[in-house]
Amino acid sequence: RFSTRQRKQRAFFRNAARHFDGKFREGDKSTTTTADHSTQSTNVDSKNYDWSAMFEDPSRPLVVDVGCGMGVSLLGLASLNTTTNGYVSPIASMSEIQIEWRECNFVGVDLSRLAIRYAQGVCERWSTGDENNKNNLKFVVDSAEECLRQISETYPGNVALVMLQFPTPYRFQNATGDEGDVDDNGGYDSSPSVARKGFNSQLPDRAASDDFMVTEKLLSRIYEVLSKYNGQLLIQSNCEDVAVHMRNVATDTRGFQSVTFSDPVVSLGAVTQRAQNWVAMGGERAIGKCWSADPLLPSGGRTETEVACSLDSKPVHRCLLNAY
């Protein structure tokens, strides 16, 4: 069963898919008419990673967004540093990550066909008006592991950056690993009646669950891809415990090394109930030189979640890892 919010999102994706099919792909015989299952082989087919067909120049450095959703971040990044009458927008240089974005190719991967079709539809529409960005961004429906395997084995250029941005969090775990909540005395109650409240039943059970996207296997695959080129991994989450977990697994067991920042996080409030629970149980804080207080991506390349957190004055937990 889907929650009301999820049903609305699903309906939005279906309607968006139909819209882009009708408006921008009229007469395309390679696209079927069912919104849930249609795919255009040159755009979202995960079976064929033909880099020469996907990109105008497949030797460019590659930026990969794992679990990209509707592709908001990549659509913005791929549009940075575009020129108009010889003028380059200065907003493209406002980033802690030192990448020449206009010299890169971009790939977004997600298992949601509806989200990917929406992202690719926007990409194709924008490309018609900007020849500079015509063939530097593609979205594919595939598992993250398979996409990264294909990149590792067949992509002709180097991989500069992989991004893990705001993955769906797992259910909050207390100190004993049980689902629970803080009771009136500051202790934990893991009884079924309490364990059922305060979280979405569709969330992955726990950090070690295969339903949580960022597994040790995925981080190993990312390290394998990035270590060939001294690339970097960007981790972002609005859940402090999730961000800490991902960074610790990446650095403690996968070999990543943390980048230190000149403007680190020095203090954090506990804005959400989840954050309050994390603090109450003595969880490791996302504070210190390895956590950035400033956004790491240019403003035009930030996700809708990051923008919403900024508008609501809620913290985003960000770190950048090197793969040497």
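Residues numbered from 1 in each chain as written. Predicted model: local features only at pLDDT ≥ 70, side-chain atom pairs only at ≥ 80, totals over all residues. Heavy atoms only, no water.

Time to look at the nonpolar core. Judged by nonpolar contacts, the single largest core of 43 residues is most densely connected at I151, L164, I222 and L233. Discounting residues that sit within four places of it in the chain, I222 has contacts with L148, V162, L164, L233 and F256. Ranked by size, the runner-up nonpolar core spans 28 residues in total, among them A78, A160, F261 and L296. (Core = buried A, V, L, I, M, F, W, Y, C linked by side-chain atoms within 4.5 Å. Buried < 20%, exposed > 50% of the residue type's maximum accessible area, 1.4 Å probe, protein only. Contact = heavy atoms within 4.5 Å.)

Our focus in this paragraph is the pairing of strand β9 (residues 232-237). Most of β9 is tucked away: 6 of the 6 residues are buried. Burial along β9 is two-sided: Q232, L234 and Q236 facing one way and L233, I235 and S237 facing the other are all buried. Bridge count for strand β6 (residues 159-165) against β9 is 5 bridges, and the pairing is parallel. Its bridge partner lying in β9, L164 is registered against I235. The pairing of β9 with strand β13 (residues 317-322) spans 6 bridges and is classified as antiparallel. Paired with I235 across the two strands is C319, which belongs to β13. (Helix = DSSP H or I, 4+ residues; strand = E, 2+ residues; numbered from the N terminus. Pairing = 2+ DSSP bridges.)

Let us look at helix α8 (residues 216-227). Helix length check: α8 (12 residues) gives 16 Å between terminal C-alpha atoms against 16 Å at 1.5 Å per residue, within 8%. Those residues of α8 not exposed but buried are L218, L219, R221, I222, V225 and L226. Viewed along the axis of α8, the buried residues span an arc of 160°, placing them on a single side of the element. Here the buried face of α8 lies against β1 (62-66), α6 (144-154), β6, β9 and α9 (240-252). (Expected span 1.5 Å × (residues − 1). Arc of directions from axis to C-beta.)

Moving on: the packing of α6 against α8. It is at 10 Å that the axes of α6 and α8 come closest, and there the two elements cross at 15°. Viewed along their axes, α6 and α8 adopt a mutual orientation that is roughly parallel. α6 and α8 meet at a crossing whose hand is left-handed. On the side of α6, the interface is formed by A144, E145, L148, R149, I151 and S152, while α8 contributes K217, L218, R221, I222, E224 and V225. Of the residues contributing to the contact of α6 with α8, the split by class is 6 nonpolar, 1 polar and 5 charged. (Axes fitted to C-alpha atoms, helices over the stretch in contact; angles between N-to-C directions. Parallel < 35°, antiparallel > 145°, perpendicular 65-115°, else oblique. Left-handed = near helix turned anticlockwise from the far one by under 90°. Nonpolar A, V, L, I, M, F, W, Y, C, P; charged D, E, K, R; others polar.)

Summarising the element assignment, Y170 is placed in the loop between β6 and β7 (181-182). Between the C-alpha atom of Y170 and that of A208, which follows or precedes it by 38 residues, the distance is 9.1 Å. For Y170, the residues in contact, after removing those within four places along its chain, are P204, D205, R206, A207, F212, D241, V242, H245 and R274. Only 3.4 Å separates the side chain of Y170 from the backbone oxygen of D241, close enough to count as a polar contact. (Polar contact = N/O pair within 3.5 Å; in protein donor to acceptor, adjacent residues only side chain to side chain.)

A word on the side chain of S237. Tracing the backbone through its elements, the reader meets S237 in strand β9. At 3.0 Å, the side chain of S237 forms a polar contact with the backbone nitrogen of C239. If sequence neighbours within four positions are ignored, S237 has contacts with F166, V242, A243, M246, V316 and H317.

Here we come to the pattern of salt bridges. Summed over all chains, the structure comprises 7 salt bridges. Measuring nitrogen to oxygen at the nearest pair gives 2.8 Å for the salt bridge that ties R149 to E153. Of this pair, R149 and E153 both sit in helix α6, separated by 4 residues, roughly a single helical turn. Owing to a relative accessible area of 26%, R149 belongs among the partly exposed residues under this scheme. By relative accessible area, which is 53% here, E153 ends up exposed. As a salt-bridge pair, R318 and E306 come within 3.2 Å of each other at their nearest N and O atoms. Within this pair, whereas R318 is found in strand β13, its partner E306 is found in helix α11 (residues 304-311), the two being separated by 12 residues in sequence. Across the pair, exposure class does not vary: R318 and E306 are buried alike. (Salt bridge = Lys/Arg side-chain N within 4 Å of Asp/Glu carboxyl O.)

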